[in-house]
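Breakdown of the fold
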Amino acid sequence: MAGITQPKPGEHVNANGVWDLLQNKGKMTVFSLCLLLCADLLDLAVGYLTVTIEPLPPVVVGETVTLKCNFKTDGRLREIVWYRVTDGGTIKQKIFTYDAMFNTNYSHMEDYRRREDLVYQSTVRLPEVRISDNGPYECHVGIYDRATREKVVLASGNVFLTVMSPPNNISVLAENTPAPFSRYQAQNFTLVCTAKGGKPAPSVYFKRDGELIEVISYTEASVGEQGGGGIGGSAGVRGARPLISRDLDDTKLQRSLSLLDPEGRSARLHTESPRRATHTQGQQQQQQPQAHEPSSPATEVIPETVVSREFPRWVHSTDPLYYFSHTHIPQSDGSVVVQARLTWTLNPQLDNDALFSCEVKHPALSMPMQTEVTLAAPKGPKLLMTPTRAKVGDTVRITVQGFQVGSPGNEVFPEPLFTWTRVGGRLLDGSAERLGKELILERVPAELNGSMYRCTAQNPLGSTDTHTRLIVFENPAMMKNTQNPNNGASRMGVLGLAWMALVLTVTVEMT
């Protein structure tokens, strides 16, 4: 061996000579040789084992995923175990095991959740993946130790499964509606587009009349939304432009101004302060003989409806600036709810009948999802009165059934606020007005015959008034009840006189 001095012929090597050999310059070479020999022996006893897993591309919910574990070894295979890692790596849950000794495989999941299939020893297929399947997976391979045949040598590999889910629901609402809205001064108006069920978070944007809206992005300062992902910086400013032909609709403006009195207040119909003829008609109806219900068709036309329309009186000459923000709300299932807001100064002259759409893009979608709304002012609600022939003492309900034909799809957006008032007086319960889609008059008295009620429907684009007249007929059952006490008193008087006469007769005969 190089580096070791051999003894000369005839020389005697004693025990100290071995120590001298170790102290010379060849001692490092001897140590290295020992290490190599030990490594060779260890390799012969254990063998080699390597495990690799190819990365997976993102998959969409409902697709089938194949998890393939690649391993190389010259040893004897003991088992292959697949784990699903949760809670940041602190928990490992077995999902599938292949036992090479008995050549069997089995799932560790409950029967009702068993979805794994073993394709070939180390390959597992997950059909119809869910969002909950998202996360890391590990493949553990074990071989027998060549030296003892009782120990198992392990090696593992890991892969991350990314599961995408497209939004399953999008909707557009107007923020803070229904609510009173001033029609005589400029106010901000906000559309809220909500996309639910997306993973990762989708991108949301708005269009008007089919054209992408250039917006100014900002970060909302709301406490409830500080955790969201508002965007900062400017995304562009929509430039001012002259009014288009639809914007110069003088009919709306003139019609709006014609409904204003000299002081700038809304001019109501004459039914708000009923003329003397109205009271006379009502008094005549109350003074008519009530023994028999009138058969004239004119008195049975219920209800009488009068509709008025009012538009805002102010108008802008340029387009507004649109401000955009959005928030991300994580869900327990791993999806994200995105709420996007578009805010601008509403101009009813320009925005009435405008089509706004919200579009959502997501990597799991081949084309964007879309939902749209058309801004429309109310055009006269349809009122239904029940019962159709109200009698004294009945409970009368006046309900908004819908709106007059004329708005797109016969719908009104944003949702209007309904206010009920009685023309020329207070409501039956003494209040000045009542909110809601239904007005209830409990046990109406005869004095309400001929009274008129106004339903005002208003949203940020305009308002409309609908009037209906209440006709109350006499109730024969109540008339009989009112006559019964008098009849009973007269009968008691007759019986009393007869009794007194009988007593006098008996007394005279006895005397």
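Residues numbered from 1 in each chain as written. Predicted model: local features only at pLDDT ≥ 70, side-chain atom pairs only at ≥ 80, totals over all residues. Heavy atoms only, no water.

With that out of the way, let us pick up the state of the cysteines. Tallying each qualifying case throughout the model produces two disulfides. One disulfide in the model links Cys69 with Cys139; its S-S distance is 2.1 Å. Since a negative S-S torsion denotes a left-handed disulfide, the Cys69-Cys139 link at about -90 degrees is left-handed. You can see Cys69 sitting in strand 3 (residues 65-73) and its partner Cys139 sitting in strand 9 (residues 135-144), a full 70 residues away along the chain. Classification of Cys139 by relative accessible area gives buried; the value is 0%. At a sulfur-sulfur separation of 1.9 Å, the disulfide partner of Cys193 is Cys358. Where Cys193 bonds to Cys358 through sulfur, the torsion about that S-S bond is close to -75 degrees, and the disulfide is left-handed. Taken together, the positions of Cys193 in strand 13 (residues 188-198) and Cys358 in strand 20 (residues 355-361) put the pair 165 residues apart, joining distant regions of the chain. In this structure, Cys193 and Cys358 share a single accessibility class: buried. Sequential numbering of the bridged cysteines in the protein gives the disulfide pattern 1-2, 3-4. (Disulfide = S-S within 2.5 Å. Helix = DSSP H or I, 4+ residues; strand = E, 2+ residues; numbered from the N terminus. Buried < 20%, exposed > 50% of the residue type's maximum accessible area, 1.4 Å probe, protein only.)

Among the structural elements, Phe181 can be located in the loop between strand 12 (169-174) and strand 13. Taking relative accessible area as the criterion, Phe181 reaches 13% and is therefore assigned buried. Taking the C-alpha atoms as reference points, Phe181 and Asn459, separated by 278 residues in sequence, lie 6.4 Å from one another. Sequence-distant contacts of Phe181, defined by excluding residues within four places in its chain, comprise Gln187, Asn188, Gln458, Asn459 and Pro460. (Contact = heavy atoms within 4.5 Å.)

Turning our attention to the sheet that holds strand 4 (residues 77-86). Whether parallel or antiparallel, the strands of a sheet pair through hydrogen bonds between backbone atoms. Pairing in this open sheet of five strands is antiparallel, and the strands run 6-5-4-9-10 from one edge to the other. The open sheet is flanked by strand 6 (104-107) and strand 10 (152-161), the only strands paired with a single partner. Direction aside, the axes of adjacent strands within the sheet are offset by 25 degrees on average. Pairing analysis gives eight bridges linking strand 4 to strand 5 (residues 91-99), with the strands arranged antiparallel. Each bridged residue has a counterpart across the sheet, and for Glu79 the counterpart in strand 5 is Asp99. (Pairing = 2+ DSSP bridges. Axes fitted to C-alpha atoms, helices over the stretch in contact; angles between N-to-C directions.)

This part is about the nonpolar core. Formed by 28 residues in total, the largest nonpolar core has its most connected members in Leu191, Phe206, Leu342, Trp344, Phe356 and Leu375. Within the residue set of this core, elements represented by two or more residues are strand 12, strand 13, strand 14 (203-208), strand 19 (336-345) and strand 20. Per element, the largest residue contribution to this core is five residues, and it comes from strand 19. Leave out the neighbours within four places in its chain, and Leu191 touches Val172, Leu173, Ala174, Phe206, Ala340, Arg341, Leu342, Trp344, Phe356 and Phe413. Val65, Ile80, Phe96 and Ile143 belong to the second largest nonpolar core, which has 24 residues in total. (Core = buried A, V, L, I, M, F, W, Y, C linked by side-chain atoms within 4.5 Å.)

In this section: the confidence of the model for the protein. Residues at a pLDDT of 70 or more form 62% of the protein, whose mean pLDDT is 74. Note on residues 111-119: pLDDT under 50 across the span, and 26 contacts to partners over four residues away in sequence or across chains. Here residues 221-302 scores under 50 on pLDDT; set against residues more than four positions off or in separate chains, the count is 123 contacts. (pLDDT = per-residue confidence, 0-100.)

Taken as a whole and assessed by the stated rule, the structure comprises eight salt bridges. Note that Lys207 and Glu359 form a salt bridge whose closest N and O atoms lie 3.2 Å from each other. Placement of Lys207 in strand 14 and of Glu359 in strand 20 is noted, with a sequence separation of 152 residues between them. Linking Arg208 and Asp351 is a salt bridge whose minimum nitrogen-to-oxygen distance equals 2.6 Å. Taken together, the residues span a long stretch of sequence, with Arg208 in strand 14 and Asp351 in helix 5 (residues 348-351) at a distance of 143 residues. For Asp351, a relative accessible area of 2% translates into the label buried. What emerges from the salt-bridge pattern is a single network uniting Arg208, Asp209 and Asp351. (Salt bridge = Lys/Arg side-chain N within 4 Å of Asp/Glu carboxyl O.)

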